[in-house]
Each structure stands twice: as structure tokens, then as C-alpha cells.
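# Chain and residue survey
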Amino acid sequence: MDLDLSKIFIISPDDMLRQIPPESATYPNFVMQGEKTSKAGIELVSSSSTIGTMVSAISAGVPLISLPLGLILGAGLSSPAIIARIMKEKPETTNPLAEQEKKALESFIIKHGVTLNMVREAGFHFPPGHPQVGEVYKRHPLADLPAAGKENVYIPQDKYDEILMAERESELIKLLVHLGATKISITKNKEANRSATSSGTVTAGAPACSVGIEASAVEKLANINSDKREFLLSGKHWKADDTVDRSSFAWLNYEPSWEALVVAREVGGCTKAAIDIRENTTSSTDKALAAKVESAFYSGKISGGIDRSRNDDNVFTIESEFSEVQSAPPKRDDVLSQ
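A brief look at the structure comes next. On a predicted model such as this, the values are computed, not experimentally measured, just so you know.

What counts, and at which threshold
- Residues numbered from 1 in each chain as written.
- Predicted model: local features only at pLDDT ≥ 70, side-chain atom pairs only at ≥ 80, totals over all residues.
- Heavy atoms only, no water.
- Pairing = 2+ DSSP bridges.
- Helix = DSSP H or I, 4+ residues; strand = E, 2+ residues; numbered from the N terminus.
- Axes fitted to C-alpha atoms, helices over the stretch in contact; angles between N-to-C directions.
- Parallel < 35°, antiparallel > 145°, perpendicular 65-115°, else oblique.
- Contact = heavy atoms within 4.5 Å.
- Expected span 1.5 Å × (residues − 1).
- Buried < 20%, exposed > 50% of the residue type's maximum accessible area, 1.4 Å probe, protein only.
- Polar contact = N/O pair within 3.5 Å; in protein donor to acceptor, adjacent residues only side chain to side chain.

## Some remarks on the sheet that holds strand 2 (residues 113–114)
Overall, mixed pairing links the four strands, which are arranged 2-1-3-4 in an open sheet. Each edge of the open sheet is held by one strand with a lone partner, namely strand 2 and strand 4 (154–156). Bridge analysis of strand 3 (residues 136–139) against strand 4 gives three bridges, and the strand direction is antiparallel. Residue pairing in the sheet places Arg139 in a bridge with Tyr154 of strand 4.

Have a look at this one:
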């Protein structure tokens, strides 16, 4: 089975699940999904004779609760058998693993398991304090976009939305500055709702415009203004024929509201804008499973449990004001014709 690097699970050397031929030396034996050989030209093989301590424990039928939380979440998202157990009203975390569950967990480790040395030698990048054994990491969603510079970046599965939100916020501020912002206000609102559905609205008109993506929730349970920051700038001079270098922004092509704002500024001379961006990027299934696993494993620390249909969502409202549009200098041909 080829190693799938879209998601990786950090294991200890004792838990290695694949044979690495002596000639591979210390080179990480990686195979990208869809490829048959690693960068070193060595074929990956999985063998029952090389199955390590973790898979041996799984084969012995240990309780689900004795396994790393990251492994349960990672394998659970691709295994109906594990999801079925976790999503029960009272998850049976102390019962021995069923045969289907064993196979799902073993398959996940064989497909995604790598050691610390392997990821270091491959040049993978992680947030400070990572990687750690027993944790699952997801490849950056823009990894296949060369200009983004995220090819070897991996994010902890349980912090995926949070880290990507910080990255998107940082890039949006950069974009606003390049558009000539003189004031940027960021308000963080925390919503708890019964639905993750979203819809987009855009209104624009020179010299003022408003651009936003609004949440369409069946039932909003809370909307708490928890944080506000503000930046005051002298503002970049913006001429009527100025444009933004879109290649400098990794997220711009994937954020319709940002693109609408750029057009409003470049074409309509927009002087005021507001954008709402949401932290949640993962599916509701991911969120529900993660919440349920945490509830089952740490029920003593969570008061009242967790509602499976409820999603806490951080919403950031970013308001900006821009410098006045300056008249473009006359072109040389126009001057000569006068």
C-alpha cells in the first residue's frame, strides 16, 4: 500500500509498518499518492512480519480508549465502523475492538504512519512544538499551488481551522494595506449555531462599498463580541489606474469576497469595505466526530457533554477605510497632443 502524504500520523520507530531496504539508508521512504516509488526509487511494501507494537496491540483487541486520540480521529474519518461506535449516544470506548475497527486502524497506520526522522529528512514544516508522536497532521490545502510556498507544510489536525484562519487573516490585512487602507478594524465574534451553511452577499458602489460572506444558520444560539483590534495607517497612495499584484496573495483566488473587494477598489474606487470570514473550513462530519471523541474521552472534564449538531464558529468582521483615489497622471501621448 502506497504512503498517502495528504495526512500523516507520527509513530515511533518501534511502530514502523513497512520494510525499508538497506540500500535506502536514511532516506525517507516516501511515496506520493498515485505514485509507485519513493523519491529514492524504492518501492514501498507492507508486511505482517514488520508490524510494530501499536498494530500488535490493535490486533490483540485493546480498548479504543487506550489508543492515541489523533489516531482515533484520523482513522475514524475514513471508517464507518469507528464512526458508528463513536457517534453512539454512549460510546463504548472501553470495549475491545471489533474486527472491522482493527482493520480500519491498521490500514490507517500503514497508509499514513511516518516517524519523526522521516519527516525531518523530507524537509516537512510544522508549527512550533511539532511534530509529536501520536499526532495526526494534514497537508496544507494550498500545498499544490507553487506560488503559495506551502508544498511541505503540515498542520495539526485538531488545530487545522485555527491555524488556517490566522493565516487567512494575516493575508487579508496585507491585501488591504496594498489596496491603500488607512484604517483596519478586526472584530472577533463567536457564534454557536445548529447549521454550518453559508451564503454570500456582495454590494458595491463607488466611492463606498460593502463586501461580505454571511452565515445562514438555522438557529443561532450565541453571538458574542469577544475581541476587537484596530490599525491606523497613513495609507498607500492609490491612483485611478493602480492594480494589485494578485500573484503575491496565495488565498485571493479562493476567497470570492476578497476578489470582489479588489475589483471594487480597482474599478469603482471603493473607499470603505467590510468583510466577514469564518474560521471553520473542515466539514461538519469532522467537527461532529472530534467533538464526540473529546466528549467520550474527557467526559469528566466537560460539563453537560457536547451537542453533536452544534458548531462553535469564530466569525471575524474586518472593516477597512481606504485613501482617496488620486487622479492618474496624463499619459505622454495625451500631453503631446495638447
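## What about the packing of helix 6 (residues 160–178) against helix 7 (residues 256–268)?
Where helix 6 contacts helix 7, the axes come no closer than 12 Å and their chain directions differ by 5°. Here helix 6 lies roughly parallel to helix 7, going by the angle between them. Listed contacts from helix 7 to Arg168, Glu171, Leu172, Leu175 and Leu176 of helix 6 are Trp258, Leu261 and Val262.

## Overview of helix 7
Taking 1.5 Å per residue, 13 residues should reach 18 Å; helix 7 reaches 17 Å between its end C-alpha atoms and fits that length. Within helix 7 the residues assigned to the buried category are Ser257, Trp258, Leu261, Val262, Ala264, Arg265 and Glu266. Where helix 7 terminates, the next one or two residues include Gly269, which has phi positive at roughly 65°.

## As for the environment of Asp4
Along the chain, Asp4 turns up in the segment before strand 1 (7–10). Between the alpha carbons of Asp4 and Ile110 there is a distance of 9.3 Å; along the sequence they are 106 residues apart. A distance of 2.9 Å separates the side chain of Asp4 from the side chain of Ser6, its partner in a polar contact.

## A closer look at unusual backbone geometry
Look at the link from His130 to Pro131: it is a cis peptide, with omega at 5°. Along the chain, Pro131 turns up in the loop between helix 5 (116–122) and strand 3.

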